[in-house]
Amino acid sequence: MNNRVRTGSTPSGRASTHLGVPITVALTLVLSVATPFLASSSAVDATSAKTCMADRSLDSINIGKYFANFLVQARKDWRKDANISSVRLDDRKGENFDALCKVNIYSSWMIVLYSVSSKTEEVVYMDGENMTAAGIPRLLYSLKKVGSKGTTFTSKSLADIRKESGWTFDSYSRPETATQEKKGPANLFLNWKMSLSDVIQKFLDRTRNEQITNYGWSISIGKKSVKSGTPYANIYWQNSTKKQAYYVEPITLKSYEVKY
């Protein structure tokens, strides 16, 4: 888990991904490490994406209920009106798509929460290597601590936060998205007509013959697709100057590509 937790002194700031999801400087640095946001079982001993099938071992778990349970906990920990704004999984140093072979519901997803009342967002990492008794990965919240030498950023569980004073949530003000967030579902995974493994299988089928030249690949799950305005999942990659994402809509069952 060390690669998903970054501690250091740096001025506060923000950056944006190619898909417009705002993230902290802390997250930007985390995304640059070699280890992807995947549980160890997802990144180790993966067979080739050119031949593998999606991991269906956890298809019996209802993804809508799974993230509903996550929301219950996040609302206790952070804000009572927290909604899931977007979800992400990256292999930013990946030279191929092999890690996709083992992606499943317990992979270490990064979640952006949004609170309409405070008009702020908070980044949470699901530690897929450490599960609670309730079957939810340990949640690591983005935090900051202001000191005499600058601001320190890290990610910690709520239990760890309580062991040391001075940490506050590294929540980012996003008033411009409040209206949009009100319209979208609080839980992006409700009413899916596909399993997560069905989505990953579509990603594998589309990328089997693709090459990656820069920045690995990233999966994003969001509220409103470009085609129907329903929740979507996409995978983004670069091949030389070609930048594109392959979209899957788990409710409408549409799939298509968007080039950047």
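Attention here is on the structure that accompanies the text. On a predicted model such as this, the values are computed, not experimentally measured, just so you know.

### Here we look at the environment of Ile235
Next up, step 1: Within the secondary structure, Ile235 sits in strand β12 (residues 232-239).
Next up, step 2: On the accessibility criterion, Ile235 (0% relative accessible area) is buried.
Next up, step 3: It is 9.2 Å that separates the C-alpha atoms of Ile235 and Thr207, two residues lying 28 residues apart in sequence.

### Points about helix α6 (residues 196-207)
Next up, step 1: Given a rise of 1.5 Å per residue, twelve residues ought to cover 16 Å, and the 17 Å separating the end C-alpha atoms of α6 matches this to within 8%.
Next up, step 2: In this structure, the buried side of α6 is in contact with α3 (63-77), β11 (214-222), β12 and β13 (242-248).

### Notes on the state of the cysteines
Next up, step 1: Evaluation of the coordinates by the stated rule reveals one disulfide.
Next up, step 2: At a sulfur-sulfur separation of 2.1 Å, the disulfide partner of Cys52 is Cys101. Taking the torsion about the sulfur-sulfur bond, which here is approximately -90°, the covalent link between Cys52 and Cys101 counts as left-handed. Placement of Cys52 in the loop between α2 (40-43) and α3 and of Cys101 in the loop between β4 (82-91) and β5 (110-115) is noted, with a sequence separation of 49 residues between them.

### Quick word on the pairing of strand β8 (residues 150-156)
Looking along a regular strand, one sees side chains alternate from face to face of the sheet.
Next up, step 1: For β8, a buried count of five out of seven residues is recorded, marking the element as mostly surrounded by other parts of the structure.
Next up, step 2: Linking two consecutive strands that pair antiparallel, namely strand β7 (residues 137-147) and β8, is a turn of two residues.

So, how was this worked out
Residues numbered from 1 in each chain as written. Predicted model: local features only at pLDDT ≥ 70, side-chain atom pairs only at ≥ 80, totals over all residues. Heavy atoms only, no water. Helix = DSSP H or I, 4+ residues; strand = E, 2+ residues; numbered from the N terminus. Buried < 20%, exposed > 50% of the residue type's maximum accessible area, 1.4 Å probe, protein only. Expected span 1.5 Å × (residues − 1). Contact = heavy atoms within 4.5 Å. Disulfide = S-S within 2.5 Å. Pairing = 2+ DSSP bridges.

Any link to function would need more than the numbers given here.
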